[in-house]
Amino acid sequence: MLIRNLIFDLDNTLYSSTATMDTGITHRMLSCVADFFHITYDEAVMLRAQHLPEFSTTLEWLRHEGFTDTEYYFSRVHPENEADELPPDPILRPLLVSIAIPKLILTNSPKEHADRVLAKLNIADLFTHICDIRSCGLNGKPYAGAYQKALALCNGTVDDTIFFDDQYKYTDGYEALGGTAVIVGTKNGSHQDSSLLSGGKTEPVQPPHAGRTLRMQSIHNLPDLLNHAAIL
């Protein structure tokens with residue numbers, strides 16, 4: 001495989017899912033759910049677990065239920081001090097610098113969150129673009145349009161661009177386009193039929209060929225993964 005571009009998810013992909021940031025984001029998200037439905041936090045946990053498989057994000061589900069204040073949601077889930085929850089990773093920058101392949105972020109979070117995370121990790125200048133949830137019209141991964149938007153930004157195709165994410169729900173979406181995806185880490189959820197999203201209202205896709213999903217333990221295994229992918 002000739003690799004011309006790398007597209008990375010952000011949270012739990014460029015940093016470990018054990019980071020406190022993941023816990024904080026999830027807690028604030030569930031608090032929004034509890035407030036919107038006027039239920040307890042524990043009830044929100046169960047309700048979200050029941051409905052989230054049908055939608056790309058918690059926000060999409062809430063909007064389906066009548067929630068309208070998207071900017072309030074972003075500001076509450078991603079406060080300005082959120083990066084305090086993320087530990088530094090001094091190994092990450094030299095690792096990414098050593099890989100001379102253009103890199104782009106595709107995230108279901110807003111750009112301000114991506115900016116904070118990349119700044120805290122000291123890698124913001126290593127990515128050519130940030131394709132965030134707003135630039136995807138609030139329809140993020142695993143909708144085909146989200147991946148296609150990111151590919152257009154880097155002038156890439158599914159044949160020359162690898163996509164990295166920590167959730168099967170989202171790597172499955174890229175694989176469905178015929179691309180090579182990489183699942184990162186161990187807390188990956190389950191494989192998801194993206195045709196179930198929003199009652200099957202996903203874009204019909206006719207991939208040019210079958211895609212595939214590879215696996216790596218963490219972002220620190222990236223050089224070995226790319227060496228492996230290059231000979232497939």
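Data block above holds the structure.
Sequence positions are assigned chain by chain, starting from 1 and proceeding in written order. Reporting of local features is limited, given that this is a predicted model, to residues whose pLDDT is at least 70; pairs of side-chain atoms are given and counted only at 80 or more, and all residues count toward the totals for whole chains, interfaces and linings. Computation of side-chain values: all heavy atoms of the structure, hydrogens and water removed.

(A) Up close: the pattern of salt bridges. Any Lys or Arg side-chain nitrogen found within 4 Å of a carboxyl oxygen on Asp or Glu counts as a salt bridge. According to the stated counting rule, one finds 10 salt bridges in the structure shown. Linking glutamate 112 and arginine 134 is a salt bridge whose minimum nitrogen-to-oxygen distance equals 2.9 Å. Linking glutamate 112 in helix 6 (residues 111-120) with arginine 134 in the loop between strand 3 (129-131) and helix 7 (144-153), this pair joins segments that are 22 residues apart in sequence. The partly exposed category is assigned to glutamate 112, whose relative accessible area is 25%. On the accessibility criterion, arginine 134 (31% relative accessible area) is partly exposed. A run of DSSP states H or I qualifies as a helix once it reaches four residues; a run of E qualifies as a strand once it reaches two. Both are numbered from the N-terminal end. Categorising residues by exposure relies on relative accessible area from a 1.4 Å probe, with only protein chains included: less than 20% of the type maximum marks a residue as buried, more than 50% marks it as exposed, and the intermediate range marks it as partly exposed.

(B) Unusual backbone geometry, seen in detail. For the bond from lysine 141 to proline 142, the omega torsion is 5°, close enough to zero to count as cis. Tracing the chain through its elements places proline 142 in the loop between strand 3 and helix 7. A positive phi angle is found at asparagine 12, which is not glycine, with a value near 65°. Residue position: asparagine 12 is located in the loop between strand 1 (5-8) and helix 1 (20-37). A residue is classified by how much of its surface remains accessible, and asparagine 12, at 12% relative accessible area, is buried. Within the chain, asparagine 122 stands out as a residue other than glycine whose phi angle is a positive 60°. Turning to its location among the elements, asparagine 122 is positioned in the loop between helix 6 and strand 3.

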